[in-house]
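Given next are the chains, with one letter for each unit.
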Amino acid sequence: MDVVLLSRLQFAAATIFHFLFVPLTIGLSTLVAYMETQYVRTGDETYLAMTKFWGKLFLINFVVGVVTGITLEFQFGTNWSVYSAYVGDIFGSLLAIEATAAFFLESTMIGVWVFGWNKLSKKAHATVMWLIAGASTLSAIWILIANGWMQHPVGFDIQNGRAELVSFFQVVFNKFGWMIFLHVIAGAFVLTAFFVMGISAYHLLKKQQVDFFTRSFKIALITGFAASVLVAVQGDFHAAHVAEVQPAKLAAMETLWETQPKAPVYLFSIPDEEKEGNLIEIGKIPGLLSFLAFKNVDAEVRGLKDFPKEERPPVLISSLAFKGMVGLGTYFILITSVGLLLRNRLAESSLYLKIMMFSIPLPYIANELGWILAEVGRQPWIVYGMMKTADAASPVDSVQVAISLAGFLLVYGLLGAAGFYLMAQNAIKGPALVEGEV
């Protein structure tokens, strides 16, 4: 294996692992803030128990996410130094703002929240949790603006062989970055909702703390339905923007090989990249891709053959990731719609509760598929249309990267197992055993 491939695998492993924890940090911090606010507003002790129970799971998740996030950023210097030297004026400033303006605030406020029980007033303590939720979202904004710039670079000039910032405004308000942000945030709330509903379903099936977990389930159910619909609606707008600025990615997503008007969507297809066609095509809907991309059923959509072979993304991975994400997104809308119909008899709906309990991993998979599509679909570019991934890696020995990759996999595997074990143990115990312990 060459150093570029090894570096890509290492970054992919770190990113996929890190993003197992990020969405829950964003979504659960907001739900916990809402629960604590309800406690302050009503004085209902059940909301206080909910705050502490879900808050403890949030803290475990946050700690593991922080560790993996720090090592992820180091890789820009160790594995991608050529990239960092080329675009550091732009990309580096965004990461610096994220660390100083968001991450430090979030970390500090978490310390205040954990140790502030009985030291701050109820309103002040709830306000701290809202600050944590806001800082988590702010952190996501800066990271996703940075990623959006890699997907669609704006606001720069090439001077002295480097990309130098000329318009901070264009970078910050890059449409692609904000499209990614809205999609990621909505996806984070879907994941959080299914996490809360799944754990609540487990306890409702066992008839434990029925009032507590019914309330938790209903809060998450409303959140999950709204977020699932938002993901679908925003995803449509995002796909249209991808058609405009990353047409090769769109063609790979939909396995479209020929440039054509009334471009179809296939409900399922398997591409053959060597023969530049599809081995399997099921459920062809003529004109749907043209309509989704350009809101005109007769619009022409560029096919993969319109692009040089060396500038096409991996079609099979992009297509399967996209179709898997869309399929799961449809499931989330349907299953939460059923939940809304059953919301007043949840404790008696054992089949539905079992389905929701076993659905906990699905939003995790959907979120990861979204990032696989975003990053694999951008290839062969590390900065779209500007710098190729093959030209961005550090000039280091491949053996060094292989050793560090093996180390990452080992440490991340142990860390992930410990993190999920602790969350599972505390989730199974329930609020009666952890109340008052945050």
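Residues numbered from 1 in each chain as written. Predicted model: local features only at pLDDT ≥ 70, side-chain atom pairs only at ≥ 80, totals over all residues. Heavy atoms only, no water.

I tried to follow the overall build of the protein on my own but got confused; where do I start?
Along the backbone of the protein there are 15 helices and 8 strands. Taking the principal axes of its C-alpha atoms as reference, the protein extends roughly 65 × 50 × 40 Å. The buried share among the 438 residues of the protein stands at 54%. Intrachain contacts of the protein at a sequence separation of at least 6 include 78% that bridge at least 24 residues. Counting only carbon and sulfur atoms, one obtains 68% of the accessible surface of the protein, whose full area is about 18,900 Å². Charge centroids of the protein, computed over 29 positive and 32 negative side chains, lie 11 Å from each other. (Helix = DSSP H or I, 4+ residues; strand = E, 2+ residues; numbered from the N terminus. Buried < 20%, exposed > 50% of the residue type's maximum accessible area, 1.4 Å probe, protein only. Contact = heavy atoms within 4.5 Å. Areas by Shrake-Rupley, 256 points an atom, 1.4 Å probe, with all protein chains shown as cover. Lys, Arg positive; Asp, Glu negative; His and termini not counted. Charge placed at Lys NZ, Arg CZ, Asp CG, Glu CD.)

I'm lost on the packing of helix H11 (residues 315-342) against helix H13 (residues 361-376) in this one. Help?
Two elements in contact, H11 and H13, have axes separated by 8 Å at closest approach and are oriented at 145°. Here H11 and H13 pass one another in a crossing that is left-handed. Each of Ile317, Ser318, Ala321, Phe322, Gly324, Met325, Leu328, Tyr331 and Phe332 in H11 lies in contact with H13, whose residues at this interface are Leu362, Pro363, Ile365, Ala366, Leu369, Gly370, Ile372, Leu373 and Val376. For the contact of H11 with H13, the per-class residue count stands at 15 nonpolar, 3 polar and no charged. (Axes fitted to C-alpha atoms, helices over the stretch in contact; angles between N-to-C directions. Left-handed = near helix turned anticlockwise from the far one by under 90°. Nonpolar A, V, L, I, M, F, W, Y, C, P; charged D, E, K, R; others polar.)

Sorry, what's going on with the environment of Ile355 here?
For Ile355, the position within the fold is in helix H12 (residues 350-358). Along the primary structure Ile355 and Phe58 are separated by 297 residues, whereas in three dimensions their C-alpha atoms are 23 Å apart. If we ignore the near neighbours within four places in the chain, the residues touching Ile355 are Tyr331 and Ile335.

Looking at this structure, I do not really get unusual backbone geometry. What am I missing?
Most peptide bonds are trans, and most residues other than glycine sit at a negative phi. That bond from Gln379 to Pro380 is cis: its omega, 10°, falls within 30 degrees of zero. Within the secondary structure layout, Pro380 lies in the loop between H13 and strand S7 (381-383). You will see that Lys207, though not glycine, has its phi angle at about 60°, which is positive. Here Lys207 shows up in the loop between helix H7 (175-205) and helix H8 (210-245). By relative accessible area, Lys207 is classed as exposed at 52%.

Would you mind showing me how to read the packing of aromatic side chains here?
Geometry of an aromatic ring pair is reported as the spacing of the ring centres plus the angle between the planes. One pass over the full model with this rule turns up 24 aromatic pairs. Between Phe53 and Phe213, the aromatic rings sit 5.8 Å apart at their centres with planes inclined by 90°, giving edge-to-face as the arrangement. A residue pair is termed long-range when its members are at least 10 positions apart, and Phe53 in helix H3 (residues 45-78) and Phe213 in helix H8 qualify at 160 residues. For Phe213, a relative accessible area of 0% corresponds to the buried category. (Phe/Tyr/Trp six-rings, centres within 6.5 Å; stacked < 30°, edge-to-face > 60°.)

Help me understand the nonpolar core in this model?
With 126 residues, the main nonpolar core has Leu28, Trp54, Tyr83, Phe195 and Phe217 as its most contacted residues. Examining the composition of this core, we find that 18 residues originate from one element, H7, more than from any other. Residues in contact with Phe195, not counting those within four places in the same chain, are Leu24, Leu28, Trp54, Leu57, Ile360, Tyr364 and Met423. Ranked by size, the runner-up nonpolar core spans 5 residues in total, among them Ala251, Trp257, Leu304 and Val315. (Core = buried A, V, L, I, M, F, W, Y, C linked by side-chain atoms within 4.5 Å.)

So what exactly am I meant to see when it comes to the layout of surface pockets here?
One simple way to see leftover space: roll a probe sized like a water molecule over the atoms. In this model, the largest pocket occupies a volume close to 1,300 Å³. Lining of the largest pocket is provided by 47 residues; of these, Phe11, Thr15, His18, Leu72 and Ile143 occupy positions nearest its centre. With 9 residues, H3 is the single largest residue contributor to the lining of the largest pocket. Looking at the lining of the largest pocket, its residues break down into 30 nonpolar, 10 polar and 7 charged. In this structure, the second largest pocket occupies an estimated 1,100 Å³ of space. Considering the residues around the second largest pocket, the lining is formed by 44 residues, among which His183, Gly235, Phe322, Met325 and Val326 are closest to the centre. Listing elements by their share of the lining of the second largest pocket, those giving two or more residues are helix H5 (122-151), H7, H8, helix H9 (247-253), strand S4 (265-272), helix H10 (288-294), H11 and H13. In terms of residue count, H11 provides more of the lining of the second largest pocket than any other element does, 9 residues in total. Here the residues of the lining of the second largest pocket sort into 28 nonpolar, 12 polar and 4 charged. (1 Å grid on protein atoms, 1.4 Å probe; cavity = no way out; pocket = protein on both sides within 12 Å on 5 of 7 lines; lining within 4 Å. Points joined across faces, edges and corners; volume = space filled by probe spheres on them.)

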